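Examining the three-dimensional arrangement
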Amino acid sequence: MTKEYNLTIDGQKIIAQEGTSILDAALENDIFIPHLCHHPDLKPEGACRLCGVEIDGGRMVMSCLSTVGEGIDVKTDSSEIRQARTIAMELLIADHHMDCLACAAANDCALLDISAYLGIQPDRLERLRPSDKGLPIDESNPFFQFDPNKCVVCGICVRTCNEIVGLGALGFINRGFKTVIGTFGNKPFTESICESCGECVVRCPVGALAPKTPKFAAREVQTTCVYCGVGCGIYLGVAGDKIVNVRADRERPTNEGSLCVKGRYGFNFINHPDRLTKPLIKKDGEFVEAEWDEALELIASKFVQSKGDKFAALASAKCTNEENYLIQKFTRAVMETNTVDHCARL
Ligand code: FES
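A brief look at the structure comes next. (Residues numbered from 1 in each chain as written. Predicted model: local features only at pLDDT ≥ 70, side-chain atom pairs only at ≥ 80, totals over all residues. Heavy atoms only, no water.)

**Digging into the overall build of the chain**
Formally: Comment: elements are numbered from the N terminus, with helices defined as DSSP H or I runs of at least four residues and strands as E runs of at least two. Here the globule rule reads 2.2 Å times residues to the power 0.38, and the radius of gyration is calculated from C-alpha atoms. The buried label applies to any residue whose accessible area, calculated with a 1.4 Å probe on protein chains only, is under 20% of its type's maximum; exposed applies above 50%, and partly exposed to all values in between. Residue contacts are defined here by distance: any two heavy atoms, one from each residue, within 4.5 Å place the two residues in contact. Calculation of accessible area relied on Shrake-Rupley with a 1.4 Å probe; when residues are assessed, cover is drawn exclusively from the protein chains displayed.
Helix and strand counts for the chain stand at eight helices and 16 strands. Taking 20 Å as the expected radius of gyration for a compact globule of 346 residues, we find that the chain reaches 27 Å, considerably beyond that expectation. Residues counted as buried form 41% of the 346 residues belonging to the chain. Restricting the contact set of the chain to residue pairs at least 6 apart, pairs at least 24 apart contribute 54%. When the accessible area of the chain is evaluated, it comes to approximately 20,200 Å², of which 53% is carbon and sulfur surface.

Take a look at the structure:
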């Protein structure tokens, strides 16, 4: 059984499981501690230095890296903590391209939220700005772009690609003030091993990694991705009668908030004008639109004529296990042949 500890955060009595970070224990109990490089899906890194707290009346520790202990007394605010956070934050802002109005993050930005929380005026820091970094924006990927001028080097994208995707397409390049995130050899994304899954994009806390065409949905529909039989949970963002974005369902056990490139970005076919929405029947050598009843009757009559060795079925990886089971059962029991196969890939 997991051990539980009693501790106090800002005078509030809390019970937390062994191994829980102080930051997670605080957030789970609605006590806010500023944090930029922490993400619940990833191992802590301690890169941004914003989450400092005082333990037992003095020792300052990074709350994302320190775990709870029996009887500890945590303070999340004091003049020393505020000073340390402000310095860390001002250094981040001074090194960040603050064109917020034109930013693809569209104010959904942890840097803006935390600077507002700390009462920092980004404009006041212009004098600290070393100069515009002027690093080229990588627009090679069809779905997202990477603007290193906006990167705060929190490492969330690097850890995401290592820990969640298992690919390691991203890493830290250079050292010190010149450190940037990039692919191996700092090549464009499309010339790297990146698979365009967008896992790093959805976790980027600022606008450095951002979708190319962010479209805002009026409502969301919870459903299951149709690309393969895995059955990943997704939310379709809908505006009018069009799907404009997709996000992963964190509660679905099959994917726990992750998606592949097809599930996340491959939705344009749904509204594509070339998409068939009615069955076609070949008449006099030409395909002509038909009603569903007519098409289904034609198929049934052809099935009757084709029983036995004239018939073969090819099932699809896009079907669920249950649908594939039905196809093989139908082929064997009704069509009286064992000629049934499966594409086994997309
Ligand atoms: Fe703890 Fe960044 S969240 S150091």
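**A short note on the pairing of strand β14 (residues 286-289)**
Put simply, the rule reads: Pairing between two strands requires that DSSP report at least two bridges joining them.
Bridging between strand β13 (residues 280-283) and β14 involves four bridges; their strand directions are antiparallel. Opposite Lys-283, over in β14, you have Glu-286 as the bridge partner. Counting the residues in the hairpin turn of β13 and β14 gives two residues, including Asp-284, whose phi is positive at 50 degrees.

**Quick word on the side chain of Ser-66**
The test is simple: Counting of polar contacts relies on pairs of N or O atoms within 3.5 Å, with two restrictions inside protein: one atom must be capable of donating a hydrogen and the other of accepting it, and residues adjacent in sequence are counted only when both atoms are side-chain atoms.
With respect to the secondary-structure elements, Ser-66 resides in the loop between β4 (59-62) and β5 (73-75). In terms of polar contacts, Ser-66 uses its side chain to reach the backbone carbonyl oxygen of Met-62, at 2.9 Å. If sequence neighbours within four positions are ignored, Ser-66 has contacts with Thr-20, Ser-21, Ile-22 and Val-61.

**Quick notes on the environment of Glu-54**
Position of Glu-54 relative to the elements: it lies in strand β3 (residues 52-55). Sequence-wise, Glu-54 and Val-74 are 20 residues apart; in three dimensions their C-alpha atoms are separated by 5.7 Å. Filtering out sequence-adjacent residues up to four positions away, Glu-54 remains in contact with Arg-59, Met-60, Asp-73, Val-74, Lys-75, Ser-78, Glu-80 and Ile-81. A distance of 2.9 Å separates the side chain of Glu-54 from the side chain of Ser-78, its partner in a polar contact.

**Comments concerning the packing of aromatic side chains**
The condition is simple: The rule is short: rings of Phe, Tyr and Trp, with Trp giving its six-membered ring, pair when the centres are within 6.5 Å, and they are stacked under 30 degrees, edge-to-face over 60, tilted in between. By the criterion adopted, a ring carries a charge over it if an Arg CZ or a Lys NZ lies within 6 Å of its centre and within 35 degrees of its normal.
Counted according to the given criterion, the structure contains seven aromatic pairs. Measuring from ring centre to ring centre gives 5.1 Å for Phe-303 and Phe-311, while their planes differ by 85 degrees; the resulting arrangement is edge-to-face. Note on Phe-303: relative accessible area 29%, which makes it partly exposed. Following the ring pairs from residue to residue traces out a cluster consisting of Phe-144, Phe-146 and Phe-189. Over the ring of Tyr-235 we find Arg-247; its NZ or CZ atom is 4.3 Å from the centre of that ring.

**Quick word on a nonpolar patch on the surface**
For clarity, the threshold we go by: Patch membership requires more than 30% relative accessible area and the absence of a salt bridge. Residues of like charge join within 9 Å; the nonpolar side chains Val, Leu, Ile, Met, Phe, Trp and Tyr join within 5 Å. A carboxyl oxygen of Asp or Glu within 4 Å of a side-chain nitrogen of Lys or Arg is what we treat as a salt bridge.
Residues Leu-276, Leu-280 and Phe-287 make up a contiguous nonpolar surface patch of about 320 Å² in total accessible area. Of note, Phe-287 is situated in strand β14. Judged by relative accessible area, Phe-287 falls into the exposed class, the value being 53%.

**Side note on the sheet that holds strand β12 (residues 242-248)**
Basically, it comes down to this: Only the stretch in contact is used when fitting a helix axis, every axis being a line fitted to C-alpha atoms; angles between N-to-C directions are given from 0 to 180 degrees.
Taken together, three strands build an open sheet; the order of strands is β10-β11-β12 and the sheet is antiparallel. Strands with a single pairing partner mark the edges of an open sheet, and in this sheet they are β10 (219-224) and β12. Sheet twist, expressed as the average angle between the axes of neighbouring strands with direction ignored, equals 30 degrees. Sheet topology places β10 next to strand β11 (residues 233-239); six bridges connect them, and they run antiparallel. Opposite Glu-220, over in β11, you have Gly-237 as the bridge partner.

In short, shape yes, function no, at least from these values alone.
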